[in-house]
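Chain residues, written in single-letter form:
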Amino acid sequence: MRFRDLAFLVVSNLRRMKLRLALTSLGVVIGTSAIVLMVSLGIGLQANLTTSLGDLGAATHITVMPGGMETGMPDEGQLTDAALERFETIEHVEAVMPMTYVMSAQGARYKRYESYMNIMGVPMDAFEAFGYELESGRLPRTDSEVLLGAAVPTSFAAGDSATQAGPSGRLKLDLLGKRLDLTLMMWPSEEEMQKDPMAQGTERKQRLTVVGILAPTDMQTDQTAYVTLDAAHAMNGATRRTTAYENVVVKADSTRNVTAIEDEISGQGFFTFSSQSMLKELNTVFLIIQGVLGALGAIAMLVAALGIANTMTMSIYERTREIGIMKAVGASNRQIKRVFLGEAAIIGVLGGIGGLTFSWAGAALANLFVQSLIASQAGSSGGVMPETSAFFQIPVWLALFAIVFASGIGLLAGVLPAVRAANLDPLTALRHE
Amino acid sequence: MTTAVQVTGLTRQYVMGGEPLEVLRGVDLSIAYGEIVCVMGPSGSGKSTLLNIVGGLDRPTSGSVVVAGSDLARMDDEQLAVYRRRQVGFVFQSFNLIGTMTARRNVELPLLFSGEPEDQRTARAAAALQAVGLGHRLDHKPTELSGGEQQRVAIARASVNEPAIMLADEPTGNLDTHTGQEILSLITSMNAEGRTFLITTHDRAVAKAVAHRIVTIVDGAIARIEQGGTL
């Protein structure tokens, strides 16, 4: 039998049962839509989170912290200058920047405005090597100068309402060249605590001049103010220059090499963190989420497959005599099987196409709804519209997979009925009323 | 005349409710090309079983059935299907046309399964319908045709593949006497053009009208063979 004739036979058979075809395909439409929408939600969520993850730090940056109880390692896991020099020699490392967190910082005041930004001490030459761009001004040269992250000028709030600092976006101060008054809390050292367990911390004031403002980069950097390393040490009350850093940022030449560098550094006994490694872990989580969502869709698909099997079984029962006739005029078992497999597959294909169309429409609608929801919320709080990509994303591979999968399910569901039809005894079939 | 069908020592046994039932017990029969053989006998005598076995729809329990030189007993399901497609034409009492297909489509069916290209197929089907006097009814569905016309379509379908033998099981059983006569004269005229027929009937008048030989089967065995009225 020629393929064209088979197709003709299949199509003309299906035309005889339009309603049943529609209803059975609807089952596949629902199954396909469930799978596609669930998986596309997984993909969308992942894409969105991956985008916002970029805010946690540039993709090529690795944050290194002192190691734990590792012994036998050089420097005993301490971030010494020697360790930093070693990091610089690792292949694909572009720059290394130690950071000292100003723990004593309590807040900064400008006129009647207050902000609680993070303050970090960094070597300014390394800072430049990291490729941060200035929006205005210059890098600090002395210990009384400060460089502000892009979001810091918007983090100030007036007087009493300053309890919650953050980029509210309502107020943007022009701080370049202005003086900020820092409040530092000097906590008693361990020795002092031993002498007097009731020892209280003492407040100290420090005045800094804003000499530059950074262009917006990642969220972390945007909300931090930068001073020189020496200034940071002094603010923390350190009497002499410390020999080890709390925090070092290593910049890879490309995101591809982040993992290798990270492995090398953690192999030397340090704790490392990067948005890349975070992403890897998140991907595992999302694989599980997608799997679970996909499994829910698969159940819907299973029900649809049962529907196809049921429809085919019914229609084969009704057409038993016809099968007998076809066999009498020379149809082989294989040809009969193909006819019914073809019918089942077409039900699957139609359902797949329908399901995909429905999913596309549904995803577009849902995305529109979610985006308008976000827009209205952002609008009412006076904030800026956050950048989100679509929550339901149907990539081409998913669309193709849906069609192929639905046809496959149809074919599979048709196997048992088709084999039954093919193996019918022609005489029994001919006697069937 | 050469032999179209050679049946030798044919037996067929069914198991009914655990009891073996001998439907055919040692039938020997040979049919020459161009012959019309009628098989008569009461219901349950085994005449339809004989027809079905010769037509490749049923299998013998023992014995051999050689049609156009090949032994059916040695064929598997697939080969039997090809055999039915090429060497046999079936005509049933209840016509057995496919209701959703036009007359032409019904007649095309054997050619469709043998993979004949569409243009040749439709031409041959049209010619076959023309030959049974239905050239003007090509695109009618069975429900739009009378009983006699439907049986003509069935005969056209049975002959379209130029079979070695045409098998008809009570071909006039569902028709009134007049229409039955028309079908019988169609069979006679097709026979005159060289077609070979094996026909079952319980109506002696039918057998007398067309048969060269009349074979009477009683209880699964041939009781007698007589020369028909046409010889």
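Residues numbered from 1 in each chain as written. Chains lettered and ligands numbered in written order. Predicted model: local features only at pLDDT ≥ 70, side-chain atom pairs only at ≥ 80, totals over all residues.

(A) The arrangement of the overall build of chain B in detail. What chain B contains, in helices and strands, is 7 helices and 10 strands. Scaling as 2.2 N^0.38, a compact globule of 231 residues should have a C-alpha radius of gyration of about 17 Å, and chain B matches this with 17 Å. Taking the principal axes of its C-alpha atoms as reference, chain B extends roughly 50 × 40 × 40 Å. The contacts in chain B between residues at least 6 apart in sequence include a share of 68% that link residues at least 24 apart. (Helix = DSSP H or I, 4+ residues; strand = E, 2+ residues; numbered from the N terminus. Rg over C-alpha atoms; globule rule 2.2 N^0.38 Å. Contact = placed C-beta atoms within 7 Å.)

(B) Molecular detail of the interface of chain B and chain A. Contact with chain B, which involves 19 residues of that partner, is made by 17 residues of chain A. Of all the elements in the fold, those that place two or more residues in the side of chain B that touches chain A are α2 (77-87) and α3 (103-113) of chain B. The element that contributes the greatest number of residues to the side of chain B that touches chain A is α2(B), accounting for 5 residues. Per-class residue counts for the side of chain B that touches chain A are 8 nonpolar, 5 polar and 6 charged. (Nonpolar A, V, L, I, M, F, W, Y, C, P; charged D, E, K, R; others polar.)

(C) The arrangement of the pairing of strand β4 (residues 105-110) of chain A in detail. Residue and element names in this part refer to chain A. Summarising the sheet, β4 and strand β10 (residues 179-186) pair through 4 bridges and their orientation is antiparallel. Across the sheet, the residue bridging to G107 is T183, located in β10. One ladder, built from 3 bridges, connects β4 with strand β5 (residues 113-115); its direction is antiparallel. Among the inter-strand pairings, R109 is bridged to a residue of β5, identified as E114. Once β4 ends, the chain turns through 2 residues before running back antiparallel as β5, passing K111 with a positive phi of about 50°. (Pairing = 2+ DSSP bridges.)

(D) A look at the nonpolar core. Of all hydrophobic cores here, the largest spans 115 residues; its most connected members are C38(B), V54(B), I165(B), L167(B) and L198(B). Look past the residues within four positions of I165(B) in its chain and what remains in contact with it is A4(B), V5(B), I31(B), V54(B), V67(B), Q87(B), V88(B), T196(B) and L198(B). In terms of nonpolar packing, the next biggest core, distinct from the first, is built from 46 residues, F87(A), M99(A), Y245(A) and V248(A) among them. (Core = buried A, V, L, I, M, F, W, Y, C linked by C-beta atoms within 7 Å. Buried ≥ 20, exposed ≤ 12 C-beta atoms within 10 Å, placed from the backbone.)

(E) A look at the environment of A105(A). All names here are of chain A. Counting through the fold element by element, A105 comes out in strand β4. When the 22 C-beta atoms within 10 Å are taken as the criterion, A105 is described as buried. Sequence spacing of A105 and L182 is 77 residues, and the spatial spacing of their C-alpha atoms is 7.0 Å.

(F) Representation of the pairing of strand β9 (residues 213-218) of chain B. Residue and element names in this part refer to chain B. Here 4 bridges tie strand β3 (residues 36-40) to β9, and the two strands are oriented parallel to one another. Bridge pairing links V39 to V215 in β9. Of the pairings in the sheet, the one linking β9 to strand β10 (residues 221-227) comprises 6 bridges and is antiparallel in character. Its bridge partner being in β10, V218 is matched across the sheet by A221.

(G) Molecular detail of the sheet that holds strand β8 (residues 197-201) of chain B. Residue and element names in this part refer to chain B. Here 6 strands make up an open sheet; going across it, the order is β6-β7-β8-β3-β9-β10 and the pairing mixed. Across the chains shown, the open sheet's two edge strands, defined by having one partner strand only, are β6 (88-91) and β10. Ignoring strand direction, the axes of neighbouring strands in this sheet form an average angle of 20°. (Axes fitted to C-alpha atoms, helices over the stretch in contact; angles between N-to-C directions.)

(H) Spatial organisation of the sheet that holds strand β4 (residues 62-67) of chain B. Residues and elements named next belong to chain B. Spatial ordering of the open sheet is given by β2-β1-β4-β5, a layout of 4 strands whose pairing is antiparallel. Whereas interior strands pair on both sides, the edge strands pair on one side only; in this sheet they are β2 (19-32) and β5 (70-71). Both strand β1 (residues 3-16) and β4 contribute to a ladder of 5 bridges, which runs antiparallel. Counted as the bridge partner of V7 is V65 from β4.

(I) Representation of unusual backbone geometry. Residue and element names in this part refer to chain B. Despite not being glycine, A68 shows a phi value in the positive range, around 50°. Within the secondary structure layout, A68 lies in the loop between β4 and β5. A count of 18 C-beta atoms within 10 Å places A68 in the partly exposed class. Although it is not a glycine, E162 sits at a positive phi angle of roughly 50°.

(J) Quick peek at α3(B). For α3(B), the buried fraction is high: 11 of the 11 residues fall into the buried class. Buried residues of α3(B): A103(B), R104(B), R105(B), N106(B), V107(B), E108(B), L109(B), P110(B), L111(B), L112(B) and F113(B), and no others.

(K) Main features of the confidence of the model for chain A. Residue and element names in this part refer to chain A. Residues with a pLDDT of 70 or more make up 89% of chain A, whose mean pLDDT is 83. In the model of chain A, strand β9 (residues 157-158) stands out as the element of lowest mean pLDDT, 71, in contrast to helix α10 (residues 320-328), which has the highest, 94. This model gives residues 161-169 a pLDDT under 50, and the stretch forms 15 contacts once residues within four places in sequence are excluded. (pLDDT = per-residue confidence, 0-100.)

(L) Geometry of the confidence of the model for chain B. The predicted model of chain B has a mean per-residue pLDDT of 92, with 98% of residues at 70 or higher. Taken together, the chains of this predicted complex give a pTM of 0.70 and an interface ipTM of 0.93.

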